[in-house]
Amino acid sequence: MTATRGLEGVVATTSSISSIIDDTLTYVGYNIDDLTENASFEEVIYLLWHLELPTKEQLQELKEQLAENMELPQEVLDSFKTYPLDKVHPMAVLRTAVSALGIFDEDAEVMDKEANYKKAIRLQAKMPAIVAAFARIRNGLEPIAPRKDLGFAANFMYMIKGEEPDEVEVEAMDKALILHADHELNASTFTARVCVATLSDIYSGITAAIGALKGPLHGGANEQVMKMLTEIGSADNAESYVKDKLEKKEKIMGFGHRVYRKGDPRAKHLKEMSKRLTEITGEPEWYNISIKVEEVFTSEKPLPPNVDFYSASVYHSLGFDHDLFTPIFAVSRTSGWLAHILEQYENNRLIRPRAEYTGPGMRSYIPLDKRK
Ligand code: CMC
């Protein structure tokens, strides 16, 4: 048995949800370029869960179900106030809150298709509410109840900021949510599938996935990108910063990808949005630093920017605290995680690979008093 490090190139399951072929990403056969241009995030959620785009009535029904299920149990909200608010990372809060939601959902352990779909709606609806409520509570503000007349993206922003976002902001948020919704068998989606393939419940699957997304090699990269842009401070400093990092053999966050070679097809949309939004906010330096970093880095290493690179300046321009970037990613990716979890339940088999053993050969037990 020979191990494949990081399971690179291993095809671990079949799936009808998203595909990456020749650096093109599709959701159930629709190119993400097409969806980003034309669809809403709610349409994409429906597509991922039902494998077809919704009719007007189906879309309306889903929107209503999401709006109706956004409110959080009081116990979960109250628990936030017991956390070390000035220190805790919002991804740790999200991970904990999703786990707690499972405790308060009376259907948590019911495993039939209907109950699982209901739980998917509840979870998708509550994810933005968790992120928003925590963002407010840690700033000494009261959480804001969702509004039934707002769509998913608008509600998310409204619940965080307390004011209705304008059209440009909603459009940008919607596009960002669409672009992050699913990505074949990425690390967190695989984690979710491994978890529920033991026939564990949906809340456990999403909790596990959040843990995997949190790391800086995966979803956590977007926050690290913003940290880097802030450290660089001006486009003039980008070249020396990047070269210095590479000399020290450190990674530049937001570049490289396990699957894409020519480029991440999501990055160009975020790059365009970054240019537009930073102009609108009067902070073009974030885009200017970013393009300089891209220019210098890619002239040193043939690794194009991934989804996380330009999403940093996009989320900054939309006014989000930098440690909320990865939770925003999680809110979107929940749609994909749930699609994969439902698909896994439909055609389940335990996921249990092998390890190539590299430890010592067979040896005899040494009694405690004889050990050195
Ligand atoms: N900066 C500098 N060098 C890099 C980078 C980078 N961002 N990415 C890869 N490399 C180098 C790496 O050092 C290695 O070089 P060498 O062969 O000389 O040791 C080579 O490229 C292969 O890298 P790897 O880490 O073995 O590649 P991987 O397929 O295991 O990892 C990756 C893919 C995305 C984890 C990696 O490119 C990386 O760490 N990027 C930075 C973190 C990041 O942006 N993550 C977000 C990923 S995309 C969206 C998401 O999942 O959230």
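Residues numbered from 1 in each chain as written. Predicted model: local features only at pLDDT ≥ 70, side-chain atom pairs only at ≥ 80, totals over all residues.

Okay, the overall build of the protein next. On a plain count of helices and strands, the protein comes out with 16 helices and three strands. For the protein, the C-alpha radius of gyration of 22 Å lies close to 21 Å, the compact-globule estimate for 372 residues. Projected onto its principal axes, the C-alpha coordinates of the protein cover approximately 70 × 55 × 45 Å. Looking at the protein as a whole, 46% of its 372 residues qualify as buried. Taking the contacts inside the protein whose residues are at least 6 apart along the sequence as the reference set, 76% of them involve residues at least 24 apart. (Helix = DSSP H or I, 4+ residues; strand = E, 2+ residues; numbered from the N terminus. Rg over C-alpha atoms; globule rule 2.2 N^0.38 Å. Buried ≥ 20, exposed ≤ 12 C-beta atoms within 10 Å, placed from the backbone. Contact = placed C-beta atoms within 7 Å.)

Annotation of the protein at the domain level lists domain 1 (15–215 + 338–346) and domain 2 (221–317). Between the C-alpha centres of domain 1 and domain 2 there is a distance of 26 Å. Counting residues at the interface gives 13 residues for domain 1 and 15 residues for domain 2. Considering every element that reaches the side of domain 1 that touches domain 2, the biggest residue donor is helix H8 (residues 167–179), with five residues. Broken down by class, the residue content of the side of domain 1 that touches domain 2 amounts to seven nonpolar, three polar and three charged. (Domains from an automatic or database assignment. Nonpolar A, V, L, I, M, F, W, Y, C, P; charged D, E, K, R; others polar.)

With that settled, the discussion passes to the sheet that holds strand E1 (residues 18–21). Sheets are built from strands that pair by backbone hydrogen bonding, the pairs being arranged parallel or antiparallel. Here we have three strands laid out as an open sheet, ordered E1-E2-E3, and antiparallel in their pairing. Sheet topology places E1 and strand E3 (30–31) at the edges, where each strand pairs with a single neighbour. Sheet topology note: the E1/strand E2 (residues 24–27) ladder contains four bridges and is antiparallel. By the bridge assignment for E2, Ile-21 is matched with Thr-24. (Pairing = 2+ DSSP bridges.)

With respect to spatial proximity, 19 residues lie near the ligand, and among them Ala-221, Lys-251, Gly-256, Arg-258 and Asn-306 are the closest. The residue makeup of the shell around the ligand, split by class, is seven nonpolar, eight polar and four charged. (Near = placed C-beta within 6 Å.)

Now for the confidence of the model for the protein. Atom-level detail of predicted coordinates should not be read off regions where pLDDT is low. Of all residues in the protein, 100% have pLDDT values of 70 or greater, and the mean over the chain is 97. Model confidence for the complex: the whole-complex pTM is 0.97, and ipTM, which rates the interface, is 0.98. (pLDDT = per-residue confidence, 0-100.)

Next up on the list: the environment of Ala-235. One can find Ala-235 in helix H12 (residues 235–247). For the pair Ala-235 and Ser-290, spaced 55 residues apart in the sequence, the C-alpha separation amounts to 7.8 Å. Once you skip the residues sitting within four places of it in the chain, Ala-235 turns out to touch Glu-285, Asn-288, Ile-289 and Lys-292.

Once that is clear, we can look at the packing of helix H6 (residues 113–137) against helix H7 (residues 152–161). In a pair of packed helices, the angle between the axes and the distance between the axes together describe the arrangement. The interhelical angle for the contact between H6 and H7, taken along N-to-C directions, is 20°, at an axis separation of 8 Å. Taken together, the axes of H6 and H7 are roughly parallel relative to one another. Remark: the crossing between H6 and H7 carries right-handed chirality. On the side of H6, the interface is formed by Pro-128, Ala-129, Ala-132 and Ala-135, while H7 contributes Asn-155, Phe-156, Met-159 and Ile-160. Residue composition of the contact of H6 with H7, grouped by class: seven nonpolar, one polar and no charged. (Axes fitted to C-alpha atoms, helices over the stretch in contact; angles between N-to-C directions. Parallel < 35°, antiparallel > 145°, perpendicular 65-115°, else oblique. Left-handed = near helix turned anticlockwise from the far one by under 90°.)

With that settled, consider unusual backbone geometry. Excluding glycine, most residues fall at negative phi; most peptide bonds, likewise, are trans. The phi torsion at Leu-7 lies on the positive side, around 55°, for a residue other than glycine. For Leu-7, the location among the structural elements is in the segment before E1. Here Val-28, not a glycine, exhibits a phi torsion of approximately 45°, which is positive. Tracing the backbone shows Val-28 in the loop between E2 and E3. Val-28 gets classed as partly exposed once you count the C-beta atoms within 10 Å, which come to 19.

Moving on: the environment of Arg-276. Within the element layout of this structure, Arg-276 appears in helix H13 (residues 267–281). A C-alpha to C-alpha distance of 25 Å links Arg-276 and Tyr-30, two positions 246 residues apart in sequence.

In a regular helix each residue adds 1.5 Å, so 13 residues correspond to 18 Å; H12 covers 19 Å between its end C-alpha atoms and thus fits that length. Inspection of H12 places Ala-238, Tyr-241 and Val-242 among the buried residues, and these make up the whole buried set. Projected down its long axis, H12 shows its buried positions confined to an angular sector of 95°, all on one face. Exposed positions of H12 whose direction lies more than 90 degrees from the buried face are Asp-236, Ser-240, Asp-244 and Glu-247. (Expected span 1.5 Å × (residues − 1). Arc of directions from axis to C-beta.)

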